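Descriptive analysis of the structure
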Amino acid sequence: MERTPRLRPGFRFQWEPAQNAHVLLYPEGMVRLNDSAGAVLKEVDGQRTVADIIAILEQQFPDAGSLANDVSDFLKDAEQQHWILFP
């Protein structure tokens, strides 16, 4: 079965003009995301599977080649950081 990530309760992903970057807000603070992390988390909606997210990003960034390993590695790191979960 394909895994479907979602943000943890209490976390909110948004564009922050003052930071000129996407950020992840949570009760204890904020994480400023780089462009790659922002692109991945933008697609994490609790409905899309990891394969869906990879396909969307490969369409958006066709010159990047295969993104499967990079996206999977980032989502694993995000899960270990307690930003997302896989219900």
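Shown above is the structure to which this text applies.
Keep in mind it's a predicted model, so treat the numbers as computed, not measured.

**Quick word on unusual backbone geometry**
At Asn20, a position not held by glycine, the phi torsion is positive, near 55 degrees. Examined against the element boundaries, Asn20 turns out to sit in the loop between strand S2 (12-16) and strand S3 (21-26). Its identity is not glycine, yet His82 carries a phi of approximately 70 degrees, on the positive side. Within the secondary structure, His82 sits in the loop between helix H3 (68-80) and strand S5 (84-85).

**With respect to helix H1 (residues 35-42)**
Helical periodicity: at 3.6 residues per turn, an α-helix aligns residues three or four positions apart in one direction. Among the residues of H1, those classed as buried are Ala37, Gly38, Ala39, Val40 and Leu41. In this structure, the buried residues of H1 make contact with strand S1 (6-7), S2, S3, helix H2 (50-60), H3 and S5. A distance of 3.1 Å separates the backbone nitrogen of Ser36 from a side-chain oxygen at the start of H1, and that oxygen is part of Asn34.

**Quick word on the packing of aromatic side chains**
Two aromatic rings are characterised by how far apart their centres lie and by the angle between their planes. Counting across every chain of the model gives 2 aromatic pairs. Ring geometry for Phe11 and Tyr26: centres 5.2 Å apart, planes at 15 degrees, overall stacked. One end of the pair, Phe11, is in the loop between S1 and S2; the other, Tyr26, is in strand S3, with 15 residues separating them in the sequence. Note on Tyr26: relative accessible area 25%, which makes it partly exposed. In this structure, Arg3 is placed above the aromatic ring of Phe86, and the distance from its NZ or CZ to the ring centre is 3.7 Å.

**Quick look at the sheet that holds S3**
Read across the sheet, 3 strands follow the order S2-S3-S4 without closing on themselves; strand pairing throughout is antiparallel. Each edge of the open sheet is held by one strand with a lone partner, namely S2 and strand S4 (29-32). On average, adjacent strands in this sheet sit at an angle of 30 degrees to one another, irrespective of strand direction. Two strands pair when backbone bridges link them, and S3 and S4 are joined in this way by 4 bridges, in the antiparallel orientation. Considered in S4, the bridge of Val23 is made with Arg32.

Criteria and cut-off values
- Residues numbered from 1 in each chain as written.
- Predicted model: local features only at pLDDT ≥ 70, side-chain atom pairs only at ≥ 80, totals over all residues.
- Heavy atoms only, no water.
- Helix = DSSP H or I, 4+ residues; strand = E, 2+ residues; numbered from the N terminus.
- Buried < 20%, exposed > 50% of the residue type's maximum accessible area, 1.4 Å probe, protein only.
- Contact = heavy atoms within 4.5 Å.
- Polar contact = N/O pair within 3.5 Å; in protein donor to acceptor, adjacent residues only side chain to side chain.
- Phe/Tyr/Trp six-rings, centres within 6.5 Å; stacked < 30°, edge-to-face > 60°.
- Lys NZ or Arg CZ within 6 Å of the ring centre and 35° of its normal.
- Pairing = 2+ DSSP bridges.
- Axes fitted to C-alpha atoms, helices over the stretch in contact; angles between N-to-C directions.

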